[in-house]
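Summary of structural features
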Amino acid sequence: MSSQTGFDLFPDRSVVAIRVNGELKDKASTVTETDAVEPVAIDSPDGLNILRHSTAHVLAQAVQKVDPDAKLGIGPPVTDGFYYDFDVAAPFTPEDLPAIEKEMDRIIRSGQRFQRRVVTEDEARAELAGEPYKLELIGLKGGGDEESVEVGGAELTIYDNVDREGVTVWKDLCRGPHVPNTGALGAHKLTRIAAAYWRGSEKNPQLQRIYGTAWPDKGALKAHLERLEEAAKRDHRKLGKELDLFSFPEEIGSGLSVWHPRGGTIRMEMEQHARKRHVEAGYTYVYTPHITKKDLFVTSNHLVTYKEGMFPPIVMDEERDADGNVTKQGVDYYLKPMNCPMHILIYQERGRSYRDLPMRLAENGTVYRNELSGALHGLTRVRGFTQDDSHLFVTPEQLEEETTKVLEFVISMLRDFGLDDFELELSMRDDEKTKWLGSDEFWEYSTNALRHVAQASGLKYIEVPGEAAFYGPKIDLKTRDAIGRVWQLSTVQVDVNLPERFELEFTDRDGEKKRPIMIHRALFGSIERFFAILLEHYAGAFPVWLSPVQVVGIPVAEVYADYLGEIVDRLRSEGVRAELDVSDERMQKKIRSHTLMKVPFQLIAGEQDRAAGTVSFRFRDGTQDNGVAIEDAVARIHEAIDTHAQV
RNA sequence: GCCCCCGUAGCUCAGUGGCUAGAGCGUCUUACUUGUAAUAAGAGGGUCAAGGGUUCAAUUCCCUUCGGGGGCUCCA
């Protein structure tokens, strides 16, 4: 019986590794006739990871060539690319990258083989004596997810980079697999520099991380870079400024937004639509204050579990004597980081019966969270934001049915906003005993309920053990936007903790007092963040119903302003956001400005249209529809608004 | 919060250890009244983020603070 390698079985160079009995291995591995062997192509998900991880090795080798004192951290593949962490005397600067890139190119051209070698722990320690972080990893063998790239296998392995003369020029502790040689690597580009804590903990030293992107060929790399450019073009922070939608005045503070008239109009339209649908679905709106005495968050336990996310307290009514001794105890007030405790107080305001349930409270509640300054990002990560928050109080029997309704409601609402590519993530508890609150029965029951809901939705869904909140399982809904990015939006969480802490009750039909279950539901999550996502999804060209200005009238010359003005006035009286541009500019200039501001309908009229009793459309994409009868034009505009159409 | 980078007119950006800091767009004024992406001329607009230091002299060099960007961490 002869043994073969992956090279014998798959001579095709685009096969960079093999899968043997389900396990990824180097192409040079030997297999027997009884093994199930599959090729791993460079453009498959596994192949791309191998390509990127191998490119990370080349980066590390290049960095150590340029700076022999650089100590290695880890270098795994990530979405679209890879990174490698280094401990270096001075942080990298952007000027360092060209030299590193050049060295990487040289390494790749030199045609090194990636050669796997099994070592004992003692051998590894001896060989890597100069790499303190690698030594630490050896001690952690079989550890966490990221480290597993280095040492996750059953045995310790080192990958040698061997040049054409057979000389080992570099090596790294690594589980592999790798591409056979640097010739198999495609196109790469180093993208940015950052600091990152060793093994992801703030308590550890900070290493310098270099990120890169890598693809099977130049075309794929180019396409990726173009996608990045497209994403940058529709960055909501840029569009927010260009379209005059919102800003973050320094005087107010970072992470605190103000909404300009145009942005405010879009937001108002979003909120109005959502309100209407909530009311139709049996929710009632409540209003609660922005601050509260300390005790509420003591009872809810947020001052223990969420304290570092809260703004420091406002101390009220404290009095002191001349010596500074407190003579009258003050009261601490906190800005609310969550709405739930206040909604619970509304539930508790009187005794509740099973007849009151399910009780669906909704609020656009503005909350304040003391986010780390470095974590802030445009409207997606802020310190003050408004949750479209709902809390549903249900009996255990109602849980599954109500959760189903909630999920259907969420999906249907998101569709109203033009999103239609969803997937679900069911977060469950894991086997770790102490972490989770509530009985086994509760977890089993509620997790099953959510699972049924997820299955019934027909959407793609995955289950992630260990990701649940400590008080119950949850379903998160993710959506894919127009350029393929995935955002987590809605979340539906089952909670027995707060009902317990606040001793919530309802009287059941048998006269017994029982405890309701709470469902926390955020639909948009944060209105600010959802707005940002929509803004990027549409690249600023909102569907007509959301557009701040829906129609702008542009007379060919001043004398036609009256004729067009009548049409614009009529639209306004019918609730359309229509304006007439009577400024001194040329019509061409007006068309340009309003197109840049992404107004969906430009109505143009001159002598021809006035004489015929018609009007001419011009759209954002430059297309036209001339000589449309006024009645038809008006009907067309209304229809686009009513159907939430994109034009 | 931590590491790196950055902050000049409303916006996008030039520029300088020295004299009055510039451009384009936007704004205002005037003239022109035009059929599908920029009419022309003129005017106004700056404590060069703020505070401190070095210097004969600081927007420029240094420090601190504030703000922004890319990451880490965290998360809606």
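In short, a report on the structure. (Residues numbered from 1 in each chain as written. Chains lettered and ligands numbered in written order. Predicted model: local features only at pLDDT ≥ 70, side-chain atom pairs only at ≥ 80, totals over all residues. Heavy atoms only, no water.)

On to the overall build of chain A. A count of helices and strands for chain A gives 20 helices and 35 strands. For the C-alpha atoms alone, the extent of chain A along its principal axes is close to 85 × 75 × 65 Å. Burial status across chain A gives 49% buried among its 647 residues. Roughly 31000 Å² of accessible area belongs to chain A as shown, and the carbon and sulfur atoms make up 49% of that amount. Computed over 80 positive and 107 negative side-chain charges, the separation of the two mean positions in chain A equals 2 Å. (Helix = DSSP H or I, 4+ residues; strand = E, 2+ residues; numbered from the N terminus. Buried < 20%, exposed > 50% of the residue type's maximum accessible area, 1.4 Å probe, protein only. Areas by Shrake-Rupley, 256 points an atom, 1.4 Å probe, with all protein chains shown as cover. Lys, Arg positive; Asp, Glu negative; His and termini not counted. Charge placed at Lys NZ, Arg CZ, Asp CG, Glu CD.)

Within the fold, K233 resides in helix α7 (residues 218-233). A sequence separation of 186 residues divides K233 from L419, and the C-alpha atoms of the two residues are 20 Å apart. Apart from the residues lying within four places of it in its own chain, the contact partners of K233 are K238 and L239. (Contact = heavy atoms within 4.5 Å.)

Closest axis-to-axis distance for the helix α2 (residues 45-66)/helix α3 (residues 96-109) pair is 8 Å, and the angle between their directions is 115 degrees. Classified by chirality, the crossing of α3 by α2 is right-handed. Along the contact surface, α2 presents T55, V58, L59, Q61, A62, V63, K65 and V66, while α3 presents A99, I100, E103, M104, R106, I107 and I108. Partitioned by chemical class, the residues of the contact of α2 with α3 number 10 nonpolar, 2 polar and 3 charged. (Axes fitted to C-alpha atoms, helices over the stretch in contact; angles between N-to-C directions. Left-handed = near helix turned anticlockwise from the far one by under 90°. Nonpolar A, V, L, I, M, F, W, Y, C, P; charged D, E, K, R; others polar.)

This next bit is on the environment of T507. Inspection of the secondary structure assignment puts T507 in strand β28 (residues 506-507). When its relative accessible area of 26% is taken as the criterion, T507 is described as partly exposed. Residues T507 and R352, 155 residues apart in the sequence, show an inter-C-alpha distance of 6.4 Å. When residues no more than four places from it in sequence are discounted, the contact partners of T507 are R352, S353, Y354, E512 and K513. Only 3.5 Å separates the side chain of T507 from the side chain of K513, close enough to count as a polar contact. (Polar contact = N/O pair within 3.5 Å; in protein donor to acceptor, adjacent residues only side chain to side chain.)

Within the structure shown, the criterion is met by 22 aromatic pairs. When the centroid spacing of 5.6 Å and the interplanar angle of 70 degrees are considered together, the rings of W436 and W443 count as edge-to-face. Like W436, the residue W443 is buried in the burial classification. Consider the rings of F601 and F619, whose centres lie 5.9 Å apart with planes at 65 degrees: the pair is edge-to-face. Here F619 lies in the loop between β34 (614-618) and β35 (624-629) and F601 lies in strand β33 (residues 601-605), a separation of 18 residues in the sequence. One exposure class covers both F601 and F619, and it is buried. Through successive ring pairs, a cluster of aromatic residues spans F246, F248, W259, F531, Y538 and F542. (Phe/Tyr/Trp six-rings, centres within 6.5 Å; stacked < 30°, edge-to-face > 60°.)

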